[in-house]
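Overview (structure and organization)
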Amino acid sequence: MDARHQRFADSYLLSFNATKAAIDAGYSSATAGQTGYKLLRREDIQQYLAERRIALATSTGVTLERTVAELARVAFADLRDVVEWGTRAVKVSDALTVDMAFAEPKDSDTLSPDVAAAVAEVSQGKAGFKVKLHNKTNALDMLMKHLGGYERDNTQKGDAIARLVEAAQGRALPLGRKKDNPA
């Protein structure tokens, strides 16, 4: 692998965008998409990328298991572990007590590491405090993809499409056709 190929591979590891990596390595922007695609298929570049990924994972402690565990922390986070809300009795005067709505964050020192990992933002503004968790839907989607949770859905869709194609080609069983009724 020459120096230009290595520049391509190193840039690709930063962006995971083959077109951008080809341009960064000095290839023409007019053909960077095709060039990037071709370079990614080269065995020497694939080998280099695999070695760099392993080295990066080892040096940073990032593993597939750790990544999936972190996604699970976000995916299964519960806002009730971070914020307490409801109603409570508030004494307005000696003769009057009313139920008032409240919401307040829990003390960060009391949060478990799993709960704290799911918190994206805590801020205080004029309207009160704001607590935002990391995107649960994205985390669940990533876990479903990793664990093959969509494969069953895809198979079902594929079966339905196959049946439609067979019907269009006349190879499927007739679907409720009326029989000719001789008079």
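The paragraphs below set out a description of the structure included in this document. (Residues numbered from 1 in each chain as written. Predicted model: local features only at pLDDT ≥ 70, side-chain atom pairs only at ≥ 80, totals over all residues. Heavy atoms only, no water.)

**Quick look at the nonpolar core**
For the record, the criterion: Among buried residues, those of type Ala, Val, Leu, Ile, Met, Phe, Trp, Tyr and Cys that are joined through side-chain atoms within 4.5 Å constitute a nonpolar core. Residue exposure (1.4 Å probe, protein chains only): buried if accessible area is under 20% of the type maximum, exposed if over 50%, otherwise partly exposed. Only DSSP runs of H or I covering at least 4 residues are called helices, and only runs of E covering at least 2 are called strands; the numbering of each starts at the N terminus. Contacts are assigned to residue pairs that have any heavy atoms within 4.5 Å of one another.
With 14 residues, the main nonpolar core has Phe8, Ile45 and Leu49 as its most contacted residues. Secondary structure elements with two or more residues in this core: α1 (3–15), α2 (18–24), α3 (32–41) and α4 (43–60). A per-element tally of this core places α1 first, with four residues. When neighbours within four sequence positions are excluded, isoleucine 45 is seen to be in contact with Met1, His5, Phe8, Ala9 and Leu39. Core analysis: the second largest hydrophobic core is formed by six residues, Val82, Val83, Val119 and Val131 among them.

**Side note on the packing of aromatic side chains**
Where we set the bar: Under the pairing criterion, centres of Phe, Tyr and Trp rings, with the six-membered ring standing for Trp, must be within 6.5 Å; the plane angle then separates stacked pairs below 30 degrees from edge-to-face pairs above 60, leaving the rest tilted. Ring-over charges, as used throughout, are those where CZ of Arg or NZ of Lys falls within 6 Å of the ring centre and within 35 degrees of the ring normal.
All chains considered together, the criterion is met by two aromatic pairs. A centroid spacing of 6.3 Å and a plane angle of 20 degrees characterise the contact between phenylalanine 8 and tyrosine 12, whose relative ring orientation is stacked. Here phenylalanine 8 pairs with tyrosine 12, and both are found in helix α1, just four residues apart, close to one helical turn. Residue phenylalanine 8 shares its accessibility class with tyrosine 12, and that shared class is buried. When the ring of tyrosine 12 is compared with that of phenylalanine 16, the centres are 5.5 Å apart and the planes differ by 75 degrees; the resulting orientation is edge-to-face. The buried category is assigned to tyrosine 12, whose relative accessible area is 13%. Counting every residue linked through ring pairs, the aromatic cluster contains Phe8, Tyr12 and Phe16. Taking the ring centre of tyrosine 27 as reference, the NZ or CZ of arginine 4 above it sits at 3.9 Å. Seen from the ring of phenylalanine 102, arginine 88 lies directly overhead, with NZ or CZ sitting 3.6 Å from the centre.

Everything listed here is a matter of geometry and, on its own, says nothing about what the molecule does.
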